[in-house]
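Next come the chains, spelled out residue by residue.
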Amino acid sequence: MGMNQPSALEHILITTKVEKVMNWSRASSVWPVTFGLACCAIEMMAAGASRFDFDRFGAGIFRASPRQADLMIIAGTVTYKMAPIIKTLYDQMPEPKWVMAMGSCATAGGPFDSYHTIQGVDKVIPVDVYIPGCPPRPEAFIYGFLKLQDKIMTSSLADRYKDIFEEVG
Amino acid sequence: MSEPNAPQTPETPEAPAGPYVYDYKAAPNRQITMPKTVPLPSHRTYVAEQKAAAEADEAKWQKTLADYETAKAKAEAEGKDAPKPPVRPVPRKDDTDMKPPVPQEATDPDLLKLQALLGDKVEEVFEQAGELVCQVKKEAIHEALAFCRDEAALKYEMLADQSGTHYPAAKDFACSVVYHLTSISRRKRLRLRILVPEGFAPESACSLYPSANWMEREIYDMLGIRFQNHPDMTRILCPEDWEGYPLRKDYPTVGWGQRDISFREDRGGMLERIALQKAGQLGINLKQPKAE
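Residues numbered from 1 in each chain as written. Chains lettered and ligands numbered in written order. Predicted model: local features only at pLDDT ≥ 70, side-chain atom pairs only at ≥ 80, totals over all residues. Heavy atoms only, no water.

## Details of the overall build of chain B
Part 1 of the reasoning: Across its full length, chain B holds five helices and six strands.
Part 2 of the reasoning: The secondary structure elements of chain B, listed N-terminal to C-terminal, are α-β-α-β-β-α-β-β-β-α-α.
Part 3 of the reasoning: When each of the 292 residues of chain B is scored for burial, the buried share is 36%.
Part 4 of the reasoning: Looking at chain B alone, contacts between residues at least 24 apart form 56% of all its contacts between residues at least 6 apart.
Part 5 of the reasoning: A total accessible area of about 17800 Å² is found for chain B, and carbon and sulfur atoms account for 53% of it. (Helix = DSSP H or I, 4+ residues; strand = E, 2+ residues; numbered from the N terminus. Buried < 20%, exposed > 50% of the residue type's maximum accessible area, 1.4 Å probe, protein only. Contact = heavy atoms within 4.5 Å. Areas by Shrake-Rupley, 256 points an atom, 1.4 Å probe, with all protein chains shown as cover.)

## Points about the pairing of strand S1 (residues 71–75) of chain A
Residue and element names in this part refer to chain A.
Part 1 of the reasoning: The element S1 is largely enclosed, with a buried count of five among its five residues.
Part 2 of the reasoning: Burial along S1 is two-sided: the residues Leu 71, Ile 73 and Ala 75 and Met 72 and Ile 74 are all buried.
Part 3 of the reasoning: Handedness of the S1-helix H4 (residues 83–92)-strand S2 (residues 98–102) crossover: right-handed. (Right-handed = clockwise from strand over helix to strand, strands pointing away.)

## Re the sheet that holds strand S3 (residues 129–131) of chain A
All names here are of chain A.
Part 1 of the reasoning: A sheet is described by the order of its strands in space; here three strands give the open sequence S1-S2-S3, paired in parallel fashion. The two strands at the open ends of the sheet, each matched to only one other strand, are S1 and S3. Adjacent strand axes in the sheet meet at a mean angle of 15° when their direction is disregarded.
Part 2 of the reasoning: Two elements, S2 and S3, share three bridges in a ladder whose sense is parallel. Each bridged residue has a counterpart across the sheet, and for Met 102 the counterpart in S3 is Ile 131. (Pairing = 2+ DSSP bridges. Axes fitted to C-alpha atoms, helices over the stretch in contact; angles between N-to-C directions.)

## Some points on the packing of aromatic side chains
Part 1 of the reasoning: Going through the model one piece at a time under the given rule, you end up with nine aromatic pairs over all chains.
Part 2 of the reasoning: Both rings, one in Tyr80(A) and one in Trp242(B), keep their centres 5.2 Å apart while their planes meet at 75°; by these two values the pair is edge-to-face. With one member in each of two chains, Tyr80(A) in the loop between S1 and H4 and Trp242(B) in the loop between helix H4 (212–223) and helix H5 (269–281) form a pair that bridges those chains. In terms of burial, Tyr80(A) and Trp242(B) fall into one category: buried.
Part 3 of the reasoning: Every member of this aromatic cluster is reached through a ring pair, and the members are Phe54(A), Phe57(A), Phe62(A), Phe141(A) and Phe145(A).
Part 4 of the reasoning: The ring centre of Tyr90(A) lies 4.2 Å from the NZ or CZ of Lys97(A), which sits over that ring. (Phe/Tyr/Trp six-rings, centres within 6.5 Å; stacked < 30°, edge-to-face > 60°. Lys NZ or Arg CZ within 6 Å of the ring centre and 35° of its normal.)

## Considering H4(B)
Residues spaced three or four apart along an α-helix point in a common direction, a consequence of the helix completing one turn every 3.6 residues.
Residues and elements named next belong to chain B.
Part 1 of the reasoning: If you check H4, its first and last C-alpha atoms are 16 Å apart, about what 12 residues at 1.5 Å a residue would give, namely 16 Å.
Part 2 of the reasoning: Counting buried positions along H4 gives nine out of 12 residues, so the element sits mostly inside the fold.
Part 3 of the reasoning: Within H4, the full set of buried residues consists of Ala 212, Met 215, Glu 216, Arg 217, Ile 219, Tyr 220, Asp 221, Met 222 and Leu 223.
Part 4 of the reasoning: Residues of H4 that are buried in the fold lie against strand S4 (158–166) and strand S5 (175–183).
Part 5 of the reasoning: Just downstream of H4 lies Gly 224, where phi reads positive at about 80°. (Expected span 1.5 Å × (residues − 1).)

## Quick look at a nonpolar patch on the surface
Part 1 of the reasoning: Together, Leu9(A), Ile12(A) and Leu13(A) make up an exposed nonpolar region whose accessible area comes to about 350 Å².
Part 2 of the reasoning: Topologically, Leu13(A) is positioned in the loop between helix H1 (8–12) and helix H2 (18–28). (Patch = residues over 30% accessible without salt bridge, like charges linked within 9 Å, V, L, I, M, F, W, Y side chains within 5 Å. Salt bridge = Lys/Arg side-chain N within 4 Å of Asp/Glu carboxyl O.)

## A short note on the sheet that holds S4(B)
Backbone hydrogen bonds hold the strands of a sheet together, and the pairing may be parallel or antiparallel.
Residue and element names in this part refer to chain B.
Part 1 of the reasoning: On the basis of which strands lie adjacent, the open sheet formed by six strands has the order S1-S2-S3-S6-S5-S4 and mixed pairing. The open sheet terminates on both sides in strands that have one partner only, identified here as strand S1 (103–105) and S4. The average undirected angle you get between the axes of adjacent strands in this sheet is 30°.
Part 2 of the reasoning: The strands touched by helix H2 (residues 109–118) are strand S2 (122–128), strand S3 (131–136) and strand S6 (188–196); relative to S2, the strand with the most contacts, the crossing angle is about 180°.

## Topic: the domain arrangement of chain B
Part 1 of the reasoning: Each assigned domain of chain B is listed here: domain 1 (42–85) and domain 2 (104–223).
Part 2 of the reasoning: Put simply, the middle of domain 1 of chain B and the middle of domain 2 of chain B, counted by C-alpha atoms, are 45 Å apart. (Domains from an automatic or database assignment.)

## Overview of the environment of Met34(B)
Residues and elements named next belong to chain B.
Part 1 of the reasoning: Examined against the element boundaries, Met 34 turns out to sit in the segment before helix H1 (43–78).
Part 2 of the reasoning: Take Met 34: its relative accessible area is 6%, and that puts it in the buried class.
Part 3 of the reasoning: For Met 34 and Asp 250, which are 216 residues apart along the polypeptide, the C-alpha to C-alpha distance reads 6.7 Å.

## Notes on the side chain of Arg193(B)
All names here are of chain B.
Part 1 of the reasoning: Here Arg 193 shows up in strand S6.
Part 2 of the reasoning: The charged side chain of Arg 193 is buried without a salt bridge, its nearest counter-charge being Glu 124 at 4.5 Å.
Part 3 of the reasoning: Side-chain polar atoms of Arg 193 contact the side chain of Gln 135, separated by 2.8 Å.
Part 4 of the reasoning: Among all residues touching Arg 193, those that are not within four sequence positions of it are Leu 40, Pro 41, Ser 42, Phe 126, Cys 134, Gln 135, Val 136, Val 177 and Val 178. (Lys, Arg positive; Asp, Glu negative; His and termini not counted. Polar contact = N/O pair within 3.5 Å; in protein donor to acceptor, adjacent residues only side chain to side chain.)

## Brief notes about unusual backbone geometry
What is expected of a backbone is that most residues other than glycine have negative phi and most peptide bonds are trans.
Residues and elements named next belong to chain A.
Part 1 of the reasoning: Residues Glu 95 and Pro 96 are joined by a peptide bond in cis, for which omega reads -5°.
Part 2 of the reasoning: Along the chain, Pro 96 falls in the loop between H4 and S2.
Part 3 of the reasoning: In the segment running from Cys 134 into Pro 135, the intervening peptide bond is cis, with an omega of -15°.
Part 4 of the reasoning: By secondary structure assignment, the location of Pro 135 is in the loop between S3 and helix H6 (138–154).
Part 5 of the reasoning: Even without a glycine there, the phi angle at Asp 53 is positive, about 50°.
Part 6 of the reasoning: Within the fold, Asp 53 resides in the loop between helix H3 (40–48) and S1.
Part 7 of the reasoning: Looking at Asp 53, the relative accessible area reads 28%, which means it is partly exposed.

## Notes on the packing of H2(B) against helix H3 (residues 141–150) of chain B
A pair of packed helices can be characterised by two numbers: the angle between their axes and the separation between those axes.
Residues and elements named next belong to chain B.
Part 1 of the reasoning: For the pair H2 and H3, interaxial distance at closest approach is 11 Å and the crossing angle is 130°. Taken as axis vectors, H2 and H3 run oblique relative to one another. Relative to H3, H2 is oriented so that their crossing is right-handed. Together, Leu 114, Leu 117 and Leu 118 of H2 and Glu 143, Ala 144, Phe 147 and Cys 148 of H3 make up the contact between the two elements.
Part 2 of the reasoning: Split by residue class, the contact of H2 with H3 holds six nonpolar, no polar and one charged. (Parallel < 35°, antiparallel > 145°, perpendicular 65-115°, else oblique. Left-handed = near helix turned anticlockwise from the far one by under 90°. Nonpolar A, V, L, I, M, F, W, Y, C, P; charged D, E, K, R; others polar.)

Next up, the structure:
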C-alpha cells in the first residue's frame, strides 16, 4: 500500500487538535443571557428574530439564567445603580464566558456624560467585542458576533487558563 | 448650602469626603456656571418690570426734552438757527414668537374662589397662556390642596404631576414645588406653587393624593426637599447610598466622581457595602463578629 493511497480508515476518520474541536463547538453554540438594558436591546431582539435570524450562527438560544449562558450582551446604558447587578450576573456565569459591549453607551458611555452613567462597561467587567453604533444595526451586531466567533476559534486553552489564573491571582 | 437665604455662587463645590477621586480643577470645561437670574414666572414681577421700564423710558425722554430746551435757549442767545425739536421714538413692536407668554390678571372663577377660600394665605394668582397659577404660602399647601380636592366648586380630583426646581439666585427661597392638578369631571387644570427655603419641610400631599408618594420621593431624591408626614421618605431613583442632590444647580453634571469607581479593581467592594447597609437597616451588624 503506497503512501498516496488512502486507507479504509482515512475515509471515516479525520485528524485535528482537541483544542480546535473544543473551540469549534464553543463558537458554534454560544448561548447569550436574556439581558437588555436600553434601546439597544430592541436591536438585539430584532437580530434574534426571523428577519435577521441570529440563530443561524448557533447563538439564538437566549438563556434565562446566567448559569446556563456563555455570552453576555451588554445592550444599553450601564448606570451606576445597575453596575453591581451586571457584575453579579457576570460572576454567576460559568467559564468560558464572553462579553459583547453593544452600542456607544456600553462601550464608552455614549451621549450620557452624566453623574449616573458608567463610562463604558469595561470599567465593570472585561469586554471581548465592542460594537459601535447608536444603536447598531442587526447587521453590525451580527458582524460583531462573527468577530467574537473568530476570537473563540483562535483562542487557546492555555492562554485562557493563564488569563483566568492571573485575574484570580 | 451654608445659609438658607444667601445666594449660592460656588464655582467649584467641595467634593464630599469619600472614595471619590474626581478633580474638577483638572477639567475646566466641566465647572459649574450658576444662573444669575430667577426665571420664575410671576404677574407681580412682570408688572413691576413693565413699570420700571416705562419709568426709565419717560425719564430718558424728559432728559432729551431738557437738553433740547437748553440747546434752544443757547442758540437764541447766540442768534443762530434753532435746533430741530426731538421726536419721541416709537418702540418697535416686538412680535417674536420666542418670548414667554405674558402673565395676566386672574379672571378665572376657580382662582377667585381659591383666593376667597384661602384669604391671605395666597401669595399670588395669575393666568399665563390660559393656564391657572396660584402661589400659596408654604405652610398652607396642605390646606390649599384639600380645598382644591374637596370643594364642590373646584373638584380637582387628580394630582397629575408634582415637580420641583432649584433657584440658586433667589434671595428668600431656594426651590419651588409645583403641584399640577387636573379636574377630570370639570376638564380643567390648575397649578399650585410654593416657594421653599433651604431646610424647610413642606407638608406631604400623600394623605390627599396618593399619587404624590413617588413624586415627592423623586423631588427629595433630586432636590433634597424633605416632606413631612410622608410614609416613606427615601430615595427613589438614585441608589440609597448616593451623596448629593443631582438636580440642584450647584451639582456637577458629571457627579462627584461616583461613576469613576472601577469595579474590576474593587471586586465586590460595592456589593459588600450595599450588603452592610441593608443589614444595618434591619439592625444586624455584620461588621463585627458576635462575642461568644
